[in-house]
Amino acid sequence: SSRHCPWKMNQLPPKSAVASLASESTNSRVEALDNLSMDSFWLEVENIKQSAEAEQEECSLADVKTQEEGEAEAEWLQDAGLSELLGDPAVDKDNLVLLSTLTRTQAAAVQRRLDTYSRSRRRRNKHPVRDVRDVFAVGSSQDTAAEKEETSPDPLWHNLRTPNTQRKTQDYSCTVRNPGKEEVFNMDVAYSEQAAVLLKGSFLSESRKLKDGNALTRFKIPKGRLGVTRIGDLSAQDMKKIPTLALIELTALCDILGFELKRNKAAKLKTTEKRLFGVPLNTLLENDQKLLPNTKVPLLLQALLSCLEKRGLETEGILRVSGSQTRIKSLEQKLERDFYSGLFRWDDVHQNDVSGLLKRFIRELPAPLLTAEYLPAFAAVQNIPDLKQRLQALNLLILILPESNRNTLKALLEFLSKVVAREKNNKMNLWNVSTVMAPNLFMHKGLPNKIPEGKEKQLAEGAADVVRMMIHYQDLLWTVSSFLVAQVRKLNESNNKRYQFCDKRIKNLLRKIHADKDKVEKNQGEPSKVVKVHASLLLKDSLEVHLNNATRVADVLRQFQKNVCQNGWNIVNTVNLLKCNNSTECTNLLLYEVGGNIGEHCLDPDTYLLDLYHINPHAEWIIKQNPSCPRMF
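Residues numbered from 1 in each chain as written. Predicted model: local features only at pLDDT ≥ 70, side-chain atom pairs only at ≥ 80, totals over all residues. Heavy atoms only, no water.

A.B. asks: In this structure, what is going on with the overall build of the chain? I would like to understand it.
C.D. replies: Across its full length, the chain carries 24 helices and 11 strands. Taking all 633 residues of the chain together, the buried fraction comes to 52%. Of the contacts made within the chain by residues no fewer than 6 positions apart, 80% connect residues no fewer than 24 positions apart. Carbon and sulfur atoms provide 49% of the accessible area of the chain, an area that totals close to 30,100 Å². (Helix = DSSP H or I, 4+ residues; strand = E, 2+ residues; numbered from the N terminus. Buried < 20%, exposed > 50% of the residue type's maximum accessible area, 1.4 Å probe, protein only. Contact = heavy atoms within 4.5 Å. Areas by Shrake-Rupley, 256 points an atom, 1.4 Å probe, with all protein chains shown as cover.)

A.B. asks: Honestly, the pairing of strand 8 (residues 543-548) in this entry has me stumped. Any pointers?
C.D. replies: A regular strand places its side chains so that they alternate between the two faces of the sheet. Here strand 8 shows one buried face, formed by Leu543, Val545 and Leu547, and one open face, formed by Glu544, His546 and Asn548. By the bridge criterion, six bridges tie strand 7 (residues 528-534) to strand 8 in an arrangement that is antiparallel. Residue pairing across strands places valine 533 opposite leucine 543, the latter belonging to strand 8. (Pairing = 2+ DSSP bridges.)

A.B. asks: Help me out: how do you make sense of the pairing of strand 11 (residues 620-625) in this one?
C.D. replies: Bridge count for strand 7 against strand 11 is two bridges, and the pairing is parallel. Considered in strand 11, the bridge of histidine 534 is made with isoleucine 622. With six bridges joining them, strand 9 (residues 589-595) and strand 11 adopt antiparallel strand pairing. The residue of strand 11 that forms the bridge with glutamate 593 is tryptophan 621.

A.B. asks: I tried to follow the nonpolar core on my own but got confused; where do I start?
C.D. replies: Within soluble globular proteins, side chains that are nonpolar tend to cluster in buried spots. In terms of nonpolar packing, the biggest core is built from 129 residues, with Leu319, Phe378 and Phe442 touching the most fellow members. Considering every element that reaches this core, the biggest residue donor is helix 9 (residues 242-257), with 10 residues. Every residue in contact with leucine 319, bar those within four places of it in the chain, is listed here: Glu44, Ser355, Leu358, Lys359, Phe415, Leu416, Val419, Met428, Val433, Val436 and Met437. Core analysis: the next-biggest nonpolar cluster, separate from the first, contains 21 residues, Leu589, Leu591, Leu612 and Ala619 among them. (Core = buried A, V, L, I, M, F, W, Y, C linked by side-chain atoms within 4.5 Å.)

A.B. asks: Please clarify how the sheet that holds strand 11 should be interpreted in this entry.
C.D. replies: Within a sheet, neighbouring strands are paired by backbone hydrogen bonds and run either parallel or antiparallel to one another. Ordered by their spatial adjacency, five strands build an open sheet running 8-7-11-9-10, and the pairing between neighbours is mixed. Bordering the open sheet on either side are strand 8 and strand 10 (598-602), each of which pairs with just one other strand. Sheet twist, expressed as the mean angle between neighbouring strand axes with direction ignored, is 30°. (Axes fitted to C-alpha atoms, helices over the stretch in contact; angles between N-to-C directions.)

A.B. asks: Looking at this structure, I do not really get the packing of aromatic side chains. What am I missing?
C.D. replies: In this description, an aromatic ring pair is defined by two values, namely the gap between the centres and the angle between the planes. Under the criterion given, the structure shown has eight aromatic pairs. Measuring from centroid to centroid gives 4.9 Å for phenylalanine 41 and tryptophan 42, while their planes differ by 75°, and the two rings are edge-to-face. A single burial state applies to phenylalanine 41 and to tryptophan 42, both of which are buried. Lying across the ring of tryptophan 76, arginine 113 places its NZ or CZ 5.7 Å from the centre. (Phe/Tyr/Trp six-rings, centres within 6.5 Å; stacked < 30°, edge-to-face > 60°. Lys NZ or Arg CZ within 6 Å of the ring centre and 35° of its normal.)

A.B. asks: Would you explain unusual backbone geometry in this entry?
C.D. replies: Keep in mind that most residues, glycine aside, have a negative phi and that most peptide bonds are trans. Of note in this structure, leucine 319 is not a glycine but carries a positive phi near 80°. By the element assignment, leucine 319 lies in the loop between helix 11 (299-311) and helix 12 (325-338). Note on leucine 319: relative accessible area 0%, which makes it buried.

A.B. asks: Would you mind going over the environment of methionine 469 with me for this structure?
C.D. replies: Looking at the element boundaries, methionine 469 is found in helix 19 (residues 456-472). In this structure methionine 469 touches Val381, Leu387, Arg390, Leu391, Leu394, Gln474 and Leu477, once residues within four positions along its chain are discounted.

A.B. asks: Would you mind showing me how to read the packing of helix 15 (residues 387-400) against helix 19 here?
C.D. replies: Geometrically, a packed helix pair is captured by the angle between its two axes and the distance between the axes. Look at helix 15 against helix 19: their axes get within 11 Å of each other, and the N-to-C directions meet at 75°. Taken together, the axes of helix 15 and helix 19 are roughly perpendicular relative to one another. Along its contact with helix 15, which presents Leu387, Arg390, Leu391 and Leu394, the element helix 19 presents Val466, Met469 and Met470. Its residues placed into classes, the contact of helix 15 with helix 19 shows six nonpolar, no polar and one charged. (Parallel < 35°, antiparallel > 145°, perpendicular 65-115°, else oblique. Nonpolar A, V, L, I, M, F, W, Y, C, P; charged D, E, K, R; others polar.)

A.B. asks: Which parts of the structure should I look at to understand the pattern of salt bridges?
C.D. replies: Close approach of charged atoms allows side chains of opposite charge to pair. All chains considered together, the criterion is met by 24 salt bridges. Ionic pairing is found between arginine 422 and glutamate 314, a salt bridge with its closest N-O pair at 3.1 Å. Highlighted residues: arginine 422 in the loop between helix 16 (403-421) and helix 17 (423-426) and glutamate 314 in the loop between helix 11 and helix 12, separated in sequence by 108 residues. Taking the relative accessible area as the measure of exposure, glutamate 314 reaches 42% and is therefore partly exposed. With a shortest N-O distance of 2.9 Å, aspartate 348 and arginine 345 are connected by a salt bridge. Residue aspartate 348 is classed as exposed on the basis of its relative accessible area of 56%. In this structure, a network of salt bridges that share partners links the residues Lys223, Arg552, Asp555, Arg558, Asp604 and Asp606. (Salt bridge = Lys/Arg side-chain N within 4 Å of Asp/Glu carboxyl O.)

A.B. asks: So what exactly am I meant to see when it comes to the packing of helix 13 (residues 351-364) against helix 18 (residues 430-442) here?
C.D. replies: One way to put it is that helix 13 packs onto helix 18 with a least axis distance of 8 Å and a crossing angle of 30°. By the angle between their axes, helix 13 is roughly parallel relative to helix 18. Contacts from Lys359, Ile362 and Arg363 in helix 13 reach Val436, Met437, Asn440 and Leu441 in helix 18. Across the contact of helix 13 with helix 18, the residue classes tally to four nonpolar, one polar and two charged.

Here it is as structure tokens:
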């Protein structure tokens, strides 16, 4: 079957081979999982293999091309928003503004890629590119060592690896501080900068045995004066800047840890005539949005998850116990025919068949849900020895994902958390769910899965462990780090300063703007400030707020409610503010920061507003109804 469908399932051992592999890789991190059964993983692999063999003709793929030396670096620079450094005159020089926002470790990561690209161009006798010293004002380093680096792409499981010098000295046993206890997860300082500080010391070498999620360290994100920003709190315009910054930071983190980050090229698949299964996420969403605007997760996936939540969460072995392949194939055909017409009857479908359809939907996506480009990096997170740094890498990878993939992944993980929460009834704990879902997320027919001989158990457990981390730590992973938000502000500020001096009046206006800004900066130590908060969709009047060092967003929302209830303000849509108990509650209201050095930012209730004012004095503050709250009119 591999001749027609290069899905390297035959390279994985059957269930009986698991026991024979138990004694190998004694120094590997995954040996800490010896007591955890992998039977579910190999059973799922066997089910996927049988399904693929039955449909060989549908697996026609293009080969993944080998990249030439320097090609990967060129693609990286383009994806990082720094293609101007490649010497392309057609590229807008505004991209270079990004350089001014980089940290020391991020700048070093860019320098290494530009060094490698420059050397490859010189060796091929191409036109010279910009010297890295012209950009960073420093000399290139480690030229001799870099000249000897391998440039051919690695297979799926080798794309994040350690140099030979690191392999001799680095301890890759699983390390975790205070298992089961709470630990601080710092998002104020760039992860790569934190790793650089830790590198001066040494990694902890305490191993752990994990039988369930209760043994995992609990992390707490400390709320600074500016609160915490979740994915979805930033405007679409600002979120477009996040993947570029996250890619640079992830590369810098891998450089500090001694890993090499490489990415796959997506394989080209034949187009399908289907409307649901095997259809690209973006195409699904475009079709769904014609029926239901603002749809962010495919309607079919929503229906599958909803059906399982209603009738499958209590079913013993849900997800693990496979439904009939014949029935699942028949149900897929019925869904293709009747789903959008509303004629499909979900009540007639067995829960195990629905879970089979769910896993089939994920597997049949033309590109992996974790994307073909970054699937190797997700799989290789297991190689990072420290749990906190693994989570840092996962956080950045999730931020890099396209919005449609990220939203779909979040919906899936939220459902999987609900399955784990019903463990007493369905007998599916966190590890069971992770081992079943890992093959569906990490084995994709569009990519070669060449697994080194003797590494099957280690890599399988590592993939399951990555899924477990995504399920257990999803709230943390769907947070935008404060240092990335600060970089977005710097980017916006730099772009706003790039005026064309074509008129004396513009020069005078800019002089006045900068003079006003200087006054603001001088007054940053002021103990209080009076600002106006708008609620144009709710009230015709604005609210004057006296800010001091203790004023938080939650305080302003409470003050707003009090004025609405007691002062008889002219309310535009009173019913928008009311909950079912006819009382006004701040949970139904949100405060947004709009303009200045940010597009639009939904503020954490614990944000201290005077601190925020000092950072973005030209923004407006607007109260809006929480979009997640149902309207009652």
